[in-house]
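Inside the fold
Now for the letters of each chain:
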Amino acid sequence: MVHLLIERLVVATLILCVSIVPMLATAETKYPALFAFGDSILDTGNNNKLISIIKADYRPYGMSYNGGKPTGRFCDGKVPSDLLAAALGIKDTLPPYYKNEDLDVKELPTGVCFASGGAGYDNKTSEFVRILSLYDQLDLFKEYKGKLTESVGQQKASEIIANSLYILSSGNNDIAITYTRGKRLMPFPKYAGLLVDWTATFLKVRDPFHQFIISF
Ligand SMILES: *[C@@H]1O[C@H](CO)[C@@H](O)[C@H](O)[C@H]1NC(C)=O
C-alpha cells in the first residue's frame, strides 16, 4: 500500500513537472517571489560551493545553457525552478543562495534557490553525500529573511515571505542513495512508511511549509 503510494508520488512528480508550469502561468495570483528547496531537480548551483561528490559544475552539464557553461544545475540547461520562475513572470532564472558571491541584493525580493542536489527527507541521505540537508536549507532561509529585511524593510519583507510560492522536491535520493545503496536494513514498505512520516513532519511543522507549497 505504502509502496504503491510512493510509486504514485513518483508518477505524480512527473505529471506535476510537465503540467504545473502552464497551469500556474495562467493563474491570476501574482507571486512576488519563488523559493526552491530540496534536491537536484530544483538546485540551480548551491552544490558548487560544497565539497561533495554530488556536483554538476563540469561539462557536459550546462551544454545547452548560455553558451555551454556548466552552472551547477544537474541538467543540460535550465531546471524546473528556473522554468517556473520564468513562467510566472518573476525572473528568467532562480539564482542559488548558498555562498553565492555573485548574488545581487536586487535578486533577494524575487526569490532564490536553497535546493541542494542529493538532499532527502532521511537525515542519513544528506550526511552520506555531504550536501545541504533540508534542515540546513531552512537555516539558510532564516538567514535570507534577515538579509531581505535589511534590504527592503520589515513590512515589505513580511509581505514577500507571506505571499510567495515555495516549491520542494525531495524523496527520490532517499530511495536511490540511502535505501538502495545502503545496507537495506529494513524491508522497503517499512522504509517507504518512514519516508511518508518524515515528509509529513517536515511539511507540517517547519516554517515556511505551513504556507502554500507545491511539493514535487
Ligand atoms: C533530522 O535532523 C533535524 C535537524 O537536525 C532534526 O530536527 C530532525 O528531528 C531529524 N529527523 C529525524 C527523523 O531524526
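What you see is a predicted model, and the numbers here were worked out from it, not measured in a lab.

Turning our attention to the environment of Leu148. Within the fold, Leu148 resides in helix H4 (residues 134-152). Exposure remark for Leu148: the relative accessible area of 1% places this residue in the buried category. Separated by 12 residues in sequence, Leu148 and Ile160 have C-alpha atoms that sit 9.2 Å apart. When sequence neighbours within four positions are dropped, the list of residues in contact with Leu148 reads Leu108, Pro109, Gly153, Ala157, Ile160 and Ile161.

When you tally the buried positions in strand E1 (residues 34-38), you get five out of five residues, the bulk of the element. Residue alternation in E1 divides its side chains into two sets, Leu34, Ala36 and Gly38 and Phe35 and Phe37, and both sets are buried. As judged from the five bridges shared by E1 and strand E2 (residues 165-169), these two strands associate in the parallel manner. Bridged to Phe35 within E2 is Tyr166.

Turning our attention to the pairing of E2. Taking burial as the measure, the five residues of E2 include five buried ones, the bulk of the element. Residues Leu165, Ile167 and Ser169 of E2 are buried on one face, and the alternating residues Tyr166 and Leu168, pointing to the opposite face, are buried as well.

Moving on, we get to the packing of H4 against helix H5 (residues 154-163). In the contact formed by H4 and H5, the axes pass within 7 Å of each other and the chain directions differ by 135°. Classified by the interaxial angle, the pair formed by H4 and H5 is oblique. The element H4 and its partner H5 pack so that their crossing is right-handed. Facing H4, whose interface residues are Phe141, Tyr144, Lys145, Leu148, Thr149 and Val152, H5 presents Gln154, Lys156, Ala157, Ile160 and Ile161. Counted by class, the contact of H4 with H5 contains seven nonpolar, two polar and two charged residues.

Among all positions of helix H6 (residues 172-181), only Asn173, Asp174, Ile177, Thr178 and Tyr179 are buried. One face of H6 carries all of its buried residues, which in axial projection span an arc of 160°.

Proteins that are soluble and globular tend to have nonpolar side chains buried together. Of all hydrophobic cores here, the largest spans 34 residues; its most connected members are Phe35, Phe37, Val112, Phe114, Phe141 and Tyr144. Every element with two or more residues in this core is listed here: E1, H4, H5, E2, H6 and helix H7 (188-205). The biggest single contributor to this core is H4, with six residues. With 13 residues, the next largest nonpolar core counts Leu34, Leu42, Cys113 and Ile167 among its residues.

This part is about unusual backbone geometry. For the peptide bond that leads from Arg59 to Pro60, omega is 10°, which places it in the cis range. Following the sequence through the fold, Pro60 ends up in the loop between E1 and helix H2 (80-87). A positive phi angle, close to 45°, is found at Asn66, a residue other than glycine. Assignment of secondary structure puts Asn66 in the loop between E1 and H2. The phi torsion at Arg130 lies on the positive side, around 50°, for a residue other than glycine.

Two aromatic rings, taken as a pair, are described by how far apart their centres are and by the angle between their planes. Applying the stated criterion across every chain, the model contains 18 aromatic pairs. Ring geometry for Phe37 against Phe141: centres 5.7 Å apart, planes inclined by 75°, an arrangement best described as edge-to-face. With Phe37 in strand E1 and Phe141 in helix H4, this pair connects stretches of sequence that are 104 residues apart. As far as burial versus exposure is concerned, Phe37 and Phe141 are alike and both buried. On the basis of an interplanar angle of 85° and a centroid distance of 5.9 Å, the ring pair of Phe141 and Tyr166 is categorised as edge-to-face. Remark: Tyr166 occurs in strand E2 and Phe141 occurs in helix H4; sequence separation between them is 25 residues. No difference in accessibility class separates Phe141 from Tyr166, as the two residues are buried. Ring pairs connect the aromatic residues Phe35, Phe37, Tyr97, Phe114, Phe141, Tyr144 and Tyr166, which therefore count as one cluster.

What counts and what doesn't
Residues numbered from 1 in each chain as written. Predicted model: local features only at pLDDT ≥ 70, side-chain atom pairs only at ≥ 80, totals over all residues. Heavy atoms only, no water. Helix = DSSP H or I, 4+ residues; strand = E, 2+ residues; numbered from the N terminus. Buried < 20%, exposed > 50% of the residue type's maximum accessible area, 1.4 Å probe, protein only. Contact = heavy atoms within 4.5 Å. Pairing = 2+ DSSP bridges. Axes fitted to C-alpha atoms, helices over the stretch in contact; angles between N-to-C directions. Parallel < 35°, antiparallel > 145°, perpendicular 65-115°, else oblique. Left-handed = near helix turned anticlockwise from the far one by under 90°. Nonpolar A, V, L, I, M, F, W, Y, C, P; charged D, E, K, R; others polar. Arc of directions from axis to C-beta. Core = buried A, V, L, I, M, F, W, Y, C linked by side-chain atoms within 4.5 Å. Phe/Tyr/Trp six-rings, centres within 6.5 Å; stacked < 30°, edge-to-face > 60°.

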